[in-house]
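Chain by chain, the residues run as shown.
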Amino acid sequence: MKKTCRREFLKKALIGSAAVVSVGSFFFNSRVLLGGGISPSASYALNTFSYSGKEAMFYRAVDNNRVQCQLCPHKCTLRNGSSGLCRVRKNIAGKLYSQAYGNPCSVNVGLIEKAPLHHFIPGHERLCVATVGCNLRCKYCHNWQISQRSPGEIREYNMTPEDIVKEALIQEVMSISFTYTEPTIFYEYMYDISRIAKNNGLKVSIVSNGYINPQPLRKLLPYLDAVKIDLKAFSDDFYREICSAKLDPVLQTLLVLKDEGMLFEIVNLVVPTLNDNPDEIKQMCVWINENLGAEVPVHFNRFSPSYKLTELPTTPINTLESAVRIANESGLKYVYMGNVPGHKNNSTFCPNCGERLIHRVHYSVRSRNLKNGNCKFCGYNIHGRWEA
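Residues numbered from 1 in each chain as written. Predicted model: local features only at pLDDT ≥ 70, side-chain atom pairs only at ≥ 80, totals over all residues. Heavy atoms only, no water.

Next up on the list: the pairing of strand S13 (residues 264–270). Burial of S13 is extensive: seven of the seven residues sit out of reach of the surface. A two-sided burial pattern is seen for S13, the buried positions comprising Phe264, Ile266, Asn268 and Val270 on one face and Glu265, Val267 and Leu269 on the other. Examined bridge by bridge, strand S12 (residues 226–230) and S13 share four bridges and lie parallel to one another. Looking at the pairing, Ile229 lines up with Ile266 of S13. Of the pairings in the sheet, the one linking S13 to strand S14 (residues 298–302) comprises five bridges and is parallel in character. Within the sheet, the bridge partner assigned to Ile266 lies in S14 and is Val298. You can see the chain leave S13, run along helix H8 (residues 278–291) and come back into S14, and the turn it takes is right-handed. (Buried < 20%, exposed > 50% of the residue type's maximum accessible area, 1.4 Å probe, protein only. Helix = DSSP H or I, 4+ residues; strand = E, 2+ residues; numbered from the N terminus. Pairing = 2+ DSSP bridges. Right-handed = clockwise from strand over helix to strand, strands pointing away.)

Here helix H7 (residues 248–259) is twelve residues long and its end C-alpha atoms lie 16 Å apart, about the 16 Å a rise of 1.5 Å per residue gives. Burial in H7 covers these residues: Pro249, Val250, Leu251, Thr253, Leu254, Val256 and Leu257. Those residues of H7 that are buried are in contact with helix H5 (214–220), S12, helix H6 (236–243), S13 and H8. Downstream of H7 by a residue or two, Gly261 has a phi angle that is positive, lying close to 70°. (Expected span 1.5 Å × (residues − 1). Contact = heavy atoms within 4.5 Å.)

Glancing now at the pattern of salt bridges. It is possible for side chains bearing opposite charge to pair when their charged atoms get close. Scanning the entire structure with this criterion turns up twelve salt bridges. Close ionic contact of Arg195 with Asp192 constitutes a salt bridge, the shortest N to O distance being 3.0 Å. Here Asp192 and Arg195 lie together in helix H4 (residues 187–199), a separation of three residues that amounts to about one turn. The exposure class of Asp192 is buried, given its relative accessible area of 10%. Three or more residues joined by partner-sharing salt bridges are found here, namely Lys54, Asp192 and Arg195. (Salt bridge = Lys/Arg side-chain N within 4 Å of Asp/Glu carboxyl O.)

Here we come to the packing of aromatic side chains. Counted according to the given criterion, the structure contains eleven aromatic pairs. The structure contains a cluster of three or more aromatic residues connected by ring pairs, namely Phe58, Tyr187, Tyr191 and Tyr223. (Phe/Tyr/Trp six-rings, centres within 6.5 Å; stacked < 30°, edge-to-face > 60°.)

So, on to the packing of helix H3 (residues 161–170) against H4. The interhelical angle for the contact between H3 and H4, taken along N-to-C directions, is 50°, at an axis separation of 9 Å. Classified by the angle their axes make, H3 and H4 are oblique. Relative to H4, the crossing made by H3 is right-handed. Facing Pro161, Glu162, Ile164 and Val165 of H3, the residues of H4 in contact are Tyr189, Asp192, Ile193, Ile196 and Ala197. For the contact of H3 with H4, the per-class residue count stands at seven nonpolar, no polar and two charged. (Axes fitted to C-alpha atoms, helices over the stretch in contact; angles between N-to-C directions. Parallel < 35°, antiparallel > 145°, perpendicular 65-115°, else oblique. Left-handed = near helix turned anticlockwise from the far one by under 90°. Nonpolar A, V, L, I, M, F, W, Y, C, P; charged D, E, K, R; others polar.)

Averaged over every residue, the pLDDT of the protein chain is 90; residues scoring 70 or more account for 87%. For the stretch residues 1–29, pLDDT sits under 50, and the model shows 52 contacts to residues farther than four places along the chain or on other chains. Every residue in residues 36–40 scores below 50 in pLDDT, and together they form 20 contacts with partners more than four places removed in sequence or on other chains. (pLDDT = per-residue confidence, 0-100.)

Tracing the backbone through its elements, the reader meets Ala130 in strand S9 (residues 125–130). Taking C-alpha positions, Ala130 is 5.8 Å from Thr179, a pair spaced 49 residues apart along the chain. Not counting the four nearest positions on each side in its chain, Ala130 is found in contact with Pro104, Cys105, Ser106, Ile146, Thr179, Tyr180, Thr181 and Phe186.

See the structure below:
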């Protein structure tokens, strides 16, 4: 099936926009398939909200029909009928079920740069998939309209893992990306889609907060090609007060990714007054260099007021530039600024000769100067995956 032309798509999108239940920043610069009221390739039934779900992969029975989830560091212990902090994993008669399985609330096509993943085949299109729910409670979440919702509270669709892969093939994208909400919480759905995707020649990436236990993470990694982790701050106080979580499990996730040889990138959303202290940023950059390596790409992204933190200002550009300078001085080789369209630090530069290798304007790739993964100018090998 041919892709919908841009003019026709925009026309359909405008017509369908009245049917949108909740649209967050996750739809910007995307071709909306589901979650925006339209699907160019197929009609998928609205979920009937009879969420029997699928039995979870990581949990243990406790007593009195209670179960303990083993998927993420919260390790929620649930009595019969109750759900975890993520909202989607529920104890039903002494067994843990995922009520997010097969129930995406958003399926659309967008560029890999929006993840952001700058060292993973730049400029390619991905099929983005999300369900409701999250295992964090970030007070500034830009996608709170879906991440802070429970099954049945917003529009969802019935799509099997096979449906998702079929849609990716129809849309002629190169990869499937689990994003917008936390993929960990719909682990079983993600795991099944990823296995089928790999068998059909598709690549797979996740955009994650890193709040997952080592065992399920290691089980998933063989089916992934790239990972983006939000390292929200280098402060346990920040994680506790702003995200209802802890810092150490995220650092452990990063160490597992390094140990497994996974291609991954780190994003730090710089929030004014909360995690923008230069000393803390330096501590984070030094830790990354010493524990993960100088070649791990690090993005400092601009915060804009959202959700429960609307009283804070947008991050000043000079604060982001200072963070980039600190990272460079700490020895990191690939440092970026995000959410500042047109800034030179959107682009990839050779750490050896300084020439611009991937010219980006926001999410758009304008030019490439790599040859077989090496700098076209000096031959320096550039960390990443540059070709399909």
